[in-house]
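Chain by chain, the residues:
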2 protein chains.
Amino acid sequence: MDESKIVEVQKASQLLKLLGDKTRLTMMKLLQTHDCCVCEFVEIFKMSQPAISQHLRKLRDVGLVKEERRGQWIFYSINNKHEDYRFVESILNHLPEQDGLVDELEVQGLRISCN
Amino acid sequence: MDESKIVEVQKASQLLKLLGDKTRLTMMKLLQTHDCCVCEFVEIFKMSQPAISQHLRKLRDVGLVKEERRGQWIFYSINNKHEDYRFVESILNHLPEQDGLVDELEVQGLRISCN
DNA sequence: TGTTTATATAAGCATATGATTATATAATAT
DNA sequence: ATATTATATAATCATATGCTTATATAAACA
């Protein structure tokens with residue numbers, strides 16, 4: 001009752017279903033602190049490139065993430081302008097940091113950075 | 001980061017998947033304020049009794065709800081002792097009250113009350 | 001220009017999900 | 001004891017989901 005922003009049940013269940021997948025939920029948590037490109041996700045999740053692309057598409061289709069080309073890579077980032085961003089954020093804030101996953105990439109020299 | 005209780009991603013995604021269904025999410029929101037029996041849900045959701053029973057079973061299987069027999073009815077209630085109750089609660093708190101659904105039952109004389 | 005690299009999309013497939021119908025169980029009412 | 005009422009479970013089925021493989025696209029590079 002005290003929560004800042006009200007989300008209609010229909011909308012909320014749609015968002016929860018999207019987040020109700022381990023891969024996508026981890027992606028979102030990661031994106032809270034790091035923009036990532038597709039190939040980084042492929043490494044992190046040890047999952048095929050199409051599989052990753054398809055998860056990102058679902059997140060993008062509802063506007064939870066944005067894509068932006070940087071050089072030869074396409075980077076994904078959290079869309080904090082999303083109408084229900086506060087709702088999503090409050091969920092992600094209950095999850096443990098996933099920075100370790102990105103750190104591993106760094107160690108392996110697989111982290112993409114193009115600023 | 002400021003959220004009280006940390007939920008592992010695996011566990012969180014499982015819970016979110018459960019809540020990522022309009023019927024179950026509404027059930028949980030309703031149960032925040034009213035214990036309900038199966039036949040009330042059947043009326044509220046205009047859904048078959050087995051369909052309702054199966055949704056409740058999923059919620060019960062992960063311990064989000066408890067069941068208790070009262071006379072000829074079996075009432076369901078929120079299990080606020082659930083390990084991740086705070087997490088779930090914080091989600092439900094973003095949703096609009098669903099009391100109207102129970103009020104309708106009352107009007108139709110279909111509200112079950114046995115105290 | 002042609003090749004490589006990064007990503008997206010399409011088609012196909014196995015499994016998961018949510019509903020239905022039919023039936024079982026268990027308490028209540030007659 | 002039997003019938004009724006409330007609920008659960010099982011079997012079935014259509015649709016959704018998430019992955020794979022194959023292919024398209026589009027920028028970067030030689």
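As the structure is a prediction and not an experimental result, all values here were calculated from the model.

Draft legend 1. Summary view of the environment of tyrosine 76 of chain B. Residues and elements named next belong to chain B. Following the sequence through the fold, tyrosine 76 ends up in strand 3 (residues 73-78). With a relative accessible area of 6%, tyrosine 76 lands in the buried category. For the pair tyrosine 76 and leucine 31, spaced 45 residues apart in sequence, the C-alpha to C-alpha distance is 7.6 Å. Ignoring any residue separated from it by four or fewer positions in sequence, one finds tyrosine 76 in contact with Leu31, Asp35, Cys36, Val38, Leu56, Arg60, Val65, Lys66 and Glu67. In terms of polar contacts, tyrosine 76 uses its side chain to reach the side chain of glutamate 67, at 3.0 Å.

Draft legend 2. Highlighting the packing of aromatic side chains. Under the defined criterion, the tally for this structure stands at two aromatic pairs over all chains. Stacked on the ring of phenylalanine 75 of chain A, the Lys or Arg arginine 70 of chain A has its end atom at 4.5 Å from the ring centre.

Draft legend 3. Broad picture of the relation of the copies chain B and chain A. Under the fitted operation, chain B is carried onto chain A by 0.0 Å of movement along the axis and a turn of 180°, and the coordinates agree to an RMSD of 0.0 Å. Classification of the inter-copy transformation places it as that of a two-fold axis. Here 100% of the interface residues in chain B have copies in chain A that are interface residues too; the copies meet face to matching face.

Draft legend 4. Highlighting the pairing of strand 3 of chain B. Residues and elements named next belong to chain B. Here strand 1 (residues 36-37) pairs with strand 3 via two bridges, running antiparallel. Paired with cysteine 37 across the two strands is phenylalanine 75, which belongs to strand 3. Where strand 2 (residues 65-70) meets strand 3, six bridges bridge the pair, whose relative direction is antiparallel. Looking at the pairing, lysine 66 lines up with serine 77 of strand 3. Hairpin connection between strand 2 and strand 3: a loop of two residues separates the two successive antiparallel strands, and glycine 71 in this loop has a positive phi of roughly 60°.

Draft legend 5. View of the interface of chain B and chain A. At the interface, 29 residues of chain B touch 29 residues of chain A. Contact between chain B and chain A buries roughly 2600 Å² in total, counting both sides, with carbon and sulfur atoms accounting for 65%. Taken as a group, Val9, Leu16 and His94 of chain B account for 26% of the area that chain B buries against chain A, more than any other trio of residues on that side. In this structure, the connection of chain B to chain A is made through four residue pairs in polar contact (both at pLDDT 80 or more). The set of elements that each furnish at least two residues to the side of chain B that touches chain A consists of helix 1 (9-19), helix 2 (22-31) and helix 5 (85-92) of chain B. Per element, the largest residue contribution to the side of chain B that touches chain A is seven residues, and it comes from helix 1 of chain B.

Draft legend 6. Helix 4 (residues 49-61) of chain A, seen in detail. Residue and element names in this part refer to chain A. Counted at 1.5 Å a residue, the expected span for helix 4 with its 13 residues is 18 Å, and the 18 Å between its end C-alpha atoms agrees. Here helix 4 has its buried residues at Ile52, His55, Leu56 and Leu59. All buried residues of helix 4 fall inside an arc of 95° around its axis, so they share one side. Check the buried side of helix 4 and you find it contacts helix 2 (22-31), helix 3 (38-45), strand 2 (65-70) and strand 3 (73-78). Glycine 63 sits one or two positions beyond helix 4 and adopts a positive phi of about 80°.

Draft legend 7. Structural context of the state of the cysteines. Within this structure, the stated rule accounts for zero disulfides over all chains. Distance from the sulfur of cysteine 39 of chain A, which forms no disulfide, to the nearest cysteine sulfur (cysteine 37 of chain A) is 3.3 Å.

Draft legend 8. Representation of the protein's contact with DNA strand D within the structure. What surrounds DNA strand D is a group of 27 residues, the closest being His55 and Lys58 of chain A together with Gln49, Ser53 and Tyr76 of chain B. Atoms of DNA strand D within 4 Å of the protein: sugar and phosphate make up 64%, bases the balance. Between DNA strand D and tyrosine 76 of chain B, the relevant distance is 2.5 Å, taken from a phosphate oxygen to a side-chain nitrogen or oxygen of the residue. Every element with two or more residues in the surface near DNA strand D is listed here: helix 4 of chain A together with helix 3 (38-45), helix 4 (49-61) and strand 3 of chain B. Considering each element in turn, the surface near DNA strand D owes the most residues, six residues, to helix 4 of chain B. For the surface near DNA strand D, a count of residues per class yields ten nonpolar, nine polar and eight charged.

Cut-offs applied
Residues numbered from 1 in each chain as written. Chains lettered and ligands numbered in written order. Predicted model: local features only at pLDDT ≥ 70, side-chain atom pairs only at ≥ 80, totals over all residues. Heavy atoms only, no water. Helix = DSSP H or I, 4+ residues; strand = E, 2+ residues; numbered from the N terminus. Buried < 20%, exposed > 50% of the residue type's maximum accessible area, 1.4 Å probe, protein only. Contact = heavy atoms within 4.5 Å. Polar contact = N/O pair within 3.5 Å; in protein donor to acceptor, adjacent residues only side chain to side chain. Phe/Tyr/Trp six-rings, centres within 6.5 Å; stacked < 30°, edge-to-face > 60°. Lys NZ or Arg CZ within 6 Å of the ring centre and 35° of its normal. Least-squares fit on C-alpha atoms with pLDDT ≥ 70 in both. Pairing = 2+ DSSP bridges. Buried area = accessible area lost by both parts, 1.4 Å probe. Expected span 1.5 Å × (residues − 1). Arc of directions from axis to C-beta. Disulfide = S-S within 2.5 Å. Near = heavy atom within 4 Å. Nonpolar A, V, L, I, M, F, W, Y, C, P; charged D, E, K, R; others polar.

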